[in-house]
Amino acid sequence: PLTLHFGMQALPVRAWDAGRAYERNLHIDCFKKTPGNYEDYLSRPVCEGEEEIGLDRLARLGVKVLYLHEKWNDFQNSPVLSEESSNRLRFFVRECHKRGIRVVPYFGYEISVLSPLYPQLGKQVLRRTEDADCGFHWYRYPWQRAIPVCLHSAWKDVFFEGITALQREYGFDGFYLDSTVPPEICKNEAHGCGFRRDGVLHGTYPVWDIRDLMQRLSAYCEERDLILNVHACGAVNIAAMAYCSSLWEGETFQSKLLKGELCEVPAALLQSQFTGRNTGVPVYSLCYSNPPAWCFRQAASLALLHGSFPKPVDIGEPLALMSRVWEVFDRFDLRRAVFHPYWEGGESPFSVMGAPYVRISYYESDTDILAVCACCERDAADTAVVTCRYAGMTDAESGESLGDGKTASLPFCGFDFRLLYVRK
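Only a predicted model underlies this, so the values are computations on that prediction, with no experimental measurement involved.

Draft legend 1. Molecular detail of the sheet that holds strand β21 (residues 407–412). Strand order in the open sheet formed by 3 strands is β16-β19-β21, with antiparallel pairing between adjacent strands. Because the sheet does not close on itself, it has two edges, and the strands there are β16 (350–353) and β21. The sheet shows a mean angle of 30° between the axes of neighbouring strands, direction not considered. One ladder, built from 6 bridges, connects strand β19 (residues 382–388) with β21; its direction is antiparallel. Within the sheet, the bridge partner assigned to Val386 lies in β21 and is Ala408.

Here it is, written out as structure tokens:
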């Protein structure tokens, strides 16, 4: 007999949490690689001749959550740590908590051949496709193969018990999960995946197992006020995303932007996957900065226009830029404001002339408005004439009056933005 399971789920899947949506976070070592160990990197002066160390700079610029990428753990994604990884994690939790910064380490979707668990679990937990086991040789020391796992196997329980035990022991503040919610095909019959038809092995997808893991992790995190941030790789797996506290997205179109193959990111893609409000799950934008082809400020323009923050991956100018943005948003209390995206329709207090690629989204309260004015095309170089219904339009960063207060000419280059403030 053929047995089918299906589910129906209404949107949004979570109540919108502005505090979670606008965290002041930094993610080190993703794309912009840090030299050496993380603890050395953030324990020395940021620039030659300066005395301020990296961790103090993070605190001064307003970082509230520090995400540690995969290199913190000597064994990729392992819930059993080496002595060095253990010391590293204790160091970051201690030093960051002193400065009021929460710590969220990387976990993901693989098992490393260096992990103490690998000999015990063997090939039983690996995800298999036509190419058998797919492994990677990571850029970092110690060199290792990290092989994707399948959550339909025993790994689901081992992983959950292992990383939650680490959290209780070390006191870090949540989990960053890389590529965990997309359901990937698996043909590993050793743990019950796949099926045969006419002697041919076909794959299956561990949809329910992914949902079960995320549900358990969500319950664990919510009970302890922990962060569960997930990189979903563009997969809209609502059944699992419902249990994330936030997502990190944007990798899907990064390569085309980096290569100059894309001049305009499809508006429908950004509106559906990056606002977070349609699903209830806040989204942070990911930027693989590679100037001049593509830089963090350009990523910030797209993110802010769609009601989300980009997560900086560099303690240099990207963090400095976001620090200035955070200050603006701190002065404007988002808890009392309503977000109005540029595609919403209806009467807007702003109008734009002379620049077809410049759009405005805004946050409005009873007393004031914070607007994001951004250019959504790479090669555009226009001057936008922006008019506001209310007098007193200013640059939200500098406080400088714009034009005559009601109409201003604002020059824009490709994927650039301005923050505007208006007191009603």
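Draft legend 2. Highlighting helix α12 (residues 317–331). Helix length check: α12 (15 residues) gives 22 Å between terminal C-alpha atoms against 21 Å at 1.5 Å per residue, within 8%. Where α12 is concerned, the buried positions are Pro318, Leu319, Ala320, Leu321, Met322, Ser323, Val325, Trp326, Val328 and Phe329. Taken together, the buried residues of α12 touch β1 (25–28), α3 (54–60), α11 (296–305), β17 (358–364), β18 (368–375) and β22 (417–423).

Draft legend 3. Representation of the sheet that holds strand β3 (residues 102–107) in the model. Read from one edge to the other, the open sheet built from 7 strands follows the order β1-β2-β3-β9-β12-β13-β14, with strand pairing classed as parallel. Where the open sheet ends on each side, the last strands, each with one partner, are β1 and β14 (283–285). In this sheet, neighbouring strand axes are inclined to one another by 25° on average, regardless of whether the strands run parallel or antiparallel.

Draft legend 4. Local environment of the environment of Arg128. Here Arg128 lies in strand β5 (residues 128–129). Here the alpha-carbon distance between Arg128 and Gly203, two residues 75 residues apart in the chain, equals 8.8 Å.

Draft legend 5. Focus on the packing of α11 against α12. Packing of α11 against α12 brings their axes to within 10 Å, and their N-to-C directions diverge by 30°. The orientation of α11 with respect to α12, classified from their angle, is roughly parallel. For the crossing formed where α11 meets α12, the hand is right-handed. Contacts between α11 and α12 involve Phe296, Arg297, Ala300 and Leu304 from the former and Pro318, Leu321, Met322, Val325 and Phe329 from the latter.

Draft legend 6. Region of the structure containing the packing of aromatic side chains. Under the counting rule described, the total for this entry stands at 22 aromatic pairs. With a centroid separation of 5.6 Å and 85° between ring planes, the pair formed by Phe329 and Tyr363 is classed as edge-to-face. With Phe329 in helix α12 and Tyr363 in strand β17, this pair connects stretches of sequence that are 34 residues apart. By relative accessible area, which is 3% here, Tyr363 ends up buried. Just above the ring of Phe160 sits the side chain of Arg216; from NZ or CZ to the centre is 4.4 Å. The ring centre of Phe417 lies 4.3 Å from the NZ or CZ of Arg297, which sits over that ring.

Draft legend 7. View of a nonpolar patch on the surface. A surface patch of nonpolar side chains, amounting to about 320 Å² of accessible area, comprises Tyr205, Val207 and Trp208. By the element assignment, Tyr205 lies in the loop between β11 (200–202) and α7 (207–224). With a relative accessible area of 48%, Tyr205 lands in the partly exposed category.

Draft legend 8. Up close: unusual backbone geometry. Each neighbour pair has its own omega, and for Leu11 with Pro12 the value is -5°, a cis peptide bond. As for its position among the elements, Pro12 is in the segment before α1 (18–21). A positive phi angle, near 80°, is found at Asp29, a position not held by glycine. Taking relative accessible area as the criterion, Asp29 reaches 0% and is therefore assigned buried. One non-glycine residue, Ser179, lies in the positive phi region at around 55°.

Draft legend 9. Seen up close, the nonpolar core. One finds Leu58, Leu66, Phe175 and Met214 to be the most contacted residues of the largest nonpolar core, which totals 111 residues. Ranked by residues supplied to this core, first place goes to α12 with 7 residues. Ignoring sequence-local partners within four residues, the contact set of Leu66 consists of Leu26, Ile28, Leu42, Leu58, Phe92, Cys96, Ile101, Arg102, Val103 and Val104. In terms of nonpolar packing, the next biggest core, distinct from the first, is built from 20 residues, Cys375, Val386, Met393 and Leu402 among them.

What counts and what doesn't
- Residues numbered from 1 in each chain as written.
- Predicted model: local features only at pLDDT ≥ 70, side-chain atom pairs only at ≥ 80, totals over all residues.
- Heavy atoms only, no water.
- Pairing = 2+ DSSP bridges.
- Helix = DSSP H or I, 4+ residues; strand = E, 2+ residues; numbered from the N terminus.
- Axes fitted to C-alpha atoms, helices over the stretch in contact; angles between N-to-C directions.
- Expected span 1.5 Å × (residues − 1).
- Buried < 20%, exposed > 50% of the residue type's maximum accessible area, 1.4 Å probe, protein only.
- Contact = heavy atoms within 4.5 Å.
- Parallel < 35°, antiparallel > 145°, perpendicular 65-115°, else oblique.
- Left-handed = near helix turned anticlockwise from the far one by under 90°.
- Phe/Tyr/Trp six-rings, centres within 6.5 Å; stacked < 30°, edge-to-face > 60°.
- Lys NZ or Arg CZ within 6 Å of the ring centre and 35° of its normal.
- Patch = residues over 30% accessible without salt bridge, like charges linked within 9 Å, V, L, I, M, F, W, Y side chains within 5 Å.
- Areas by Shrake-Rupley, 256 points an atom, 1.4 Å probe, with all protein chains shown as cover.
- Salt bridge = Lys/Arg side-chain N within 4 Å of Asp/Glu carboxyl O.
- Core = buried A, V, L, I, M, F, W, Y, C linked by side-chain atoms within 4.5 Å.

Remember, this is a structural readout, not a statement about activity or role.
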